Amino acid sequence: MALLEIKNISMQFGGLKALSDFSFAIDQGELVGLIGPNGAGKSTAFNAVTGVYKPTKGQTELAGRRIDGLSTVQINHAGIARTFQNIRLFTQLTVLDNVLIGFNQSGTHGLLGAIVRSPKFAREREKFKGEAMALLKTLKLDQFAAWQASSLPYGDQRRLEIARALATGPKILCLDEPAAGMNPQEKIELTGLIRFIRDRFGVGIWLIEHDMKLVMALCERITVLDHGETIAVGTAEQVQGDPKVIEAYLGEPEK
Amino acid sequence: MSVAGGQLPLETPVRRHLSAPLVANWWVPLAVVLVVALAPWVEGGRGLLGMGGWDKFWAQIAIVVGINLTLAMSLQLINGIAGQFSLGHAGFMAVGAYIGGYAVPTHGGKLGAEDEMVAWVHPGGVLLYVVALGVVTVATAGVVFGLYKLVGLLGRVHKRGPAVVFGVLLAWLVVDIVTKGKSAGSNPLGAIAALGWGSAAVTGSFDWIMLRGVGAAEWVSGVTPAGYRQPACLVVSLLGGGVMAAMAGLVVGLPTLRLRGDYLAIATLGVSELIRTTITNSGPLGRATGLSVPTYSVDAEAGVSAVYFFPWVYGVAILTILVVWRIQHSPKGRALQCLREDEIAAGAVGIDVTAHKVLAFVIGAGLAGMGGALFAHYIGYINPKQFDLTKSIELVVMVTLGGLGSVPGTIVATVLLSLFQPALQTANQWMPAWAPGWATSGAELLNKYRLVIYSLLLIVAILVRSRGWLSFGRGKKA
């Protein structure tokens, strides 16, 4: 059984069925993609799994434990972290603070400990700071640690958002259109980064992307959605040759 | 990486100073405690603080500044750091003021009648009252919450379970009002049996605790050395006011914190008005007429009670500043700042949004309650009018001018704004003889248009420097 199993979830908004009988599985260290034209239900699938929406039907299991219907916070604690299509960093905080947030829930000093500055507080602060700096270093962001997050260049903001998600210690990392708004050079760097993260942290990565070249280059398995229906599942080659997929993209295999 | 060299000198001295904890050790809290503990030993508090030459007027202004520091700083935690715009801070202040202001005169004077300061001699009595009130409040809230959960559980048994329960309750209420309401007179609510049982249980258990605790209360007062009975009464009054206000913050917080922005502001305003209206209609609390509160003074005749109160006010103010600063510079505070910036992202990185909002409200309200109790014991007379929207807005102005999220800025803004009015009003008294005539008349003119100036400052501050005038190095817009 895979680490994350999504079984026949459906998402209905009034009369609109945004997602129907969507099934999916990711294992540790896997890199899988979810593609489809605009309005196909990709982000809906993401939101239904990460707890922004509660699926109207079906269930999700992470390591055998049901997680559908839990809140975003509980799902994050269970081990699924995500990034956003439009970058949502804490712009007024420093780069280091953005990553430190991810370590937040593992602190045990409590509020009183923070007010009286207990030895445990000081110990944990140093420990988390070290871990956060190590993480920033791994993602080559350490020289920006004291910068305000909003002053980072665009590509590095993406990188920081991924670092922040990794800091929560996820088993599954969900990336929502990470290449959106990037130039070709940045996209090449991103491809390398995603592969590096998978190898370095051993997380399962679930990728939503519009950029076909990126998805085809990266993902071992691809699911194609159209109008909420799953129209194809397979490797890059299989999906590319699928007539249904070509039809969905109006005969344009490369957008 | 796109910047040449990739290294910008962002570790400036100011920045380093700001991100360092206010005091990395125990010295400041220890000093505060020492000042407060030693105050009764030093005659009138004057010798200790070297304020023998201070006249009454300026000492009183200094007290007002200190109380405003506590109130504004506690609001900074809610409005500035956590970014939850609250317009109801005066309500929490009122809770603290009325708890302290009611408990001390009614329960603080039963030990020995030989002492002339009758209200301040029985700390055990005040403690008993506050504890009883707290226990009953917690128990009541627990029962109500338990019933609410129970009805919710019914929903699992059958989908329409909760609806049926509420239907039955509603029918019972209607029948009750119709059958007994007429005979009960003009107030149909008085006839509602469930409410009647509830209030009987609450007052009954309250009286039970008060009766059983008399012995313990007298023992507590007995072991307190005579010189420390008055300060002990004050400490209990402050803590009691703070804890009850924190509970009010919790009760307010849980249901209203799903709201954001304007809606939250309206809801908090509504709650503070609710608190005010409840006080206005409560007989024991003096209704709209108000309540006389014993001031904290040893020699009222000499008129230096304000000086004697000084270390207490500043002890609490420094404590508040320290607590707010240290929360801001801890993981919890970082989480609060994330709420301010982006709630959706905060949820996605595992920050429990509701829990953190409630935390900010509970602590902010608790500290405001202590400020309220200080205010009551300083001013000597409280009425509901003192805790209306004007007071809340005054505090919001202090926090906003100081800068949302800036603790040092709030201190400066609060001190300046608190000094502004009395300084301008008394310009003809303190203006030196050599000052030209237009200086005094100018000050009078400024005083006349004080509120206009406040408003203009506020508008300009929000437009130009939303992080405050004094937010060194942090004023950068996102």
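Bear in mind the structure is a predicted one, so any value in this text is a computation, not a measurement. Throughout this document, residue positions are counted from 1 along each chain, in the order its sequence is written. Ligands are numbered from 1 and chains lettered from A, in the order in which they are written. The model is predicted, so local features are restricted to residues of pLDDT at least 70 and side-chain atom pairs to those at 80 or more, both for listing and for counting; the totals for chains, interfaces and linings are taken over all residues. Where side-chain values are given, they derive from all heavy atoms of the structure, hydrogens and water being excluded.

So, on to the overall build of chain B. Only DSSP runs of H or I with at least four residues qualify as helices, and only runs of E with at least two residues qualify as strands; both kinds are numbered from the N terminus onward. Summing up its helical and strand segments, chain B has 20 helices and two strands in all. Contacts in chain B between residues far apart in sequence, at least 24 positions, make up 76% of those at least 6 positions apart. We call two residues in contact when some of their heavy atoms are within 4.5 Å.

Residues and elements named next belong to chain A. A sheet is described by the order of its strands in space; here six strands give the open sequence β6-β7-β8-β3-β9-β10, paired in mixed fashion. With one partner strand each, in any of the chains shown, β6 (80-82) and β10 (229-234) form the two edges of the open sheet. Strand-to-strand twist in this sheet, taken as the mean axis angle between neighbours without regard to direction, amounts to 20 degrees. DSSP bridges decide pairing: two strands pair if at least two such bridges lie between them. Pairing of strand β9 (residues 221-226) with β10 involves five bridges; the strand directions are antiparallel. Residue pairing in the sheet places V224 in a bridge with A232 of β10. The convention used is that axes are lines fitted to C-alpha atoms, helices contributing only their stretch in contact, and that angles between N-to-C directions extend from 0 to 180 degrees.

In this scheme Phe, Tyr and Trp rings, the latter by its six-membered ring, pair at centre separations within 6.5 Å, and the angle between planes marks the pair as stacked below 30 degrees, edge-to-face above 60, and tilted otherwise. Enumeration according to the criterion identifies twelve aromatic pairs over all chains in this entry. Ring geometry for F22 of chain A against W206 of chain A: centres 6.5 Å apart, planes inclined by 15 degrees, an arrangement best described as stacked. With F22 of chain A in strand β2 (residues 16-26) and W206 of chain A in strand β8 (residues 204-208), this residue pair connects regions lying 184 residues apart in the sequence. Here F22 of chain A matches W206 of chain A in class, with each residue buried. Ring centres of Y98 of chain B and F387 of chain B lie 6.1 Å apart, and the angle between their planes is 65 degrees; this geometry places the pair in the edge-to-face category. Of the two residues, Y98 of chain B is situated in helix α5 (residues 89-107) and F387 of chain B in the loop between β2 (381-382) and α16 (389-402); the sequence distance between them amounts to 289 residues. When sorted by exposure, Y98 of chain B lands in the same class as F387 of chain B, which is buried. Per-residue accessibility, obtained with a 1.4 Å probe over protein chains only, is compared with the maximum for each type, and a residue is labelled buried under 20%, exposed over 50%, and partly exposed between these values.

Turning our eyes to something else, we now look at the sheet that holds strand β1 (residues 4-13) of chain A. Residues and elements named next belong to chain A. Strand order in this open sheet of four strands is β2-β1-β4-β5, and the pairing throughout is antiparallel. At either end of the open sheet lies a strand with only one pairing partner, and these are β2 and β5 (65-66). In the sheet, β1 pairs with strand β4 (residues 57-62) via five bridges, with the strands oriented antiparallel. Opposite L4, over in β4, you have L62 as the bridge partner. Where helix α1 (residues 42-50) meets the sheet, its contacts fall on β1, β2 and β4, and the angle it forms with β1 comes to roughly 115 degrees.

Bringing unusual backbone geometry into the picture now. Residues and elements named next belong to chain A. The backbone of A63 shows a phi angle near 50 degrees, a positive value even though the residue is not glycine. Examined against the element boundaries, A63 turns out to sit in the loop between β4 and β5. Overall, the relative accessible area of 53% leaves A63 in the exposed class.

Take helix α6 (residues 154-167) of chain A next. Residue and element names in this part refer to chain A. Helix span is expected to be 1.5 Å times the residue number reduced by one. For α6, with 14 residues, the first-to-last C-alpha span of 20 Å sits near the 20 Å given by 1.5 Å per residue. When you tally the buried positions in α6, you get 13 out of 14 residues, the bulk of the element. Among the residues trailing α6, G169 stands out with phi positive, at a value near 70 degrees.

Okay, the environment of I393 of chain B next. Looking at the element boundaries, I393 of chain B is found in helix α16. As a C-alpha pair, I393 of chain B and G88 of chain B span 305 residues in sequence and 8.8 Å in three-dimensional space.

So, on to the side chain of T60 of chain A. Following the sequence through the fold, T60 of chain A ends up in strand β4. Contact partners of T60 of chain A, with chain neighbours within four places excluded, come to L4, E5, I6, I9, V49, R65, R66, I67 and D68 of chain A.

To continue, consider the confidence of the model for chain A. Known as pLDDT, the predictor's confidence for each residue is given on a scale from 0 to 100. Chain-level statistics for chain A give a pLDDT mean of 85 and a share of 97% at 70 or above. Mean pLDDT in chain A bottoms out at helix α10 (residues 243-248) of chain A, which sits at 80, and peaks at strand β7 (residues 172-176) of chain A, which reaches 91.

Further remarks concern the pattern of salt bridges. Salt bridge, as used here: a side-chain nitrogen of Lys or Arg that lies within 4 Å of a carboxyl oxygen of Asp or Glu. Under the criterion given, the structure shown has 19 salt bridges over all chains. For R198 of chain A, the salt bridge is made with D199 of chain A, and the minimal N-O distance between the two is 3.0 Å. Residue R198 of chain A is classed as buried on the basis of its relative accessible area of 15%. One salt bridge in this structure joins R340 of chain B and E341 of chain B, with 3.9 Å as the shortest N-O distance. The class for E341 of chain B is partly exposed, based on a relative accessible area of 22%.

A few words now on the nonpolar core. Residues and elements named next belong to chain B. Think of a nonpolar core as a cluster: buried Ala, Val, Leu, Ile, Met, Phe, Trp, Tyr and Cys residues, connected wherever their side-chain atoms sit within 4.5 Å. Residues I67, F309, I382 and F387 are the most contacted members of the largest nonpolar core, which totals 83 residues. Among the domains, domain 1 (22-387) and domain 2 (393-478) are the pair contributing at least three residues each to this core. With residues up to four places along the chain from it excluded, the contact list for F387 reads A90, M93, A94, A97, Y98, R276, F375 and I382. What fixes the domain bounds is an automatic or database domain assignment.

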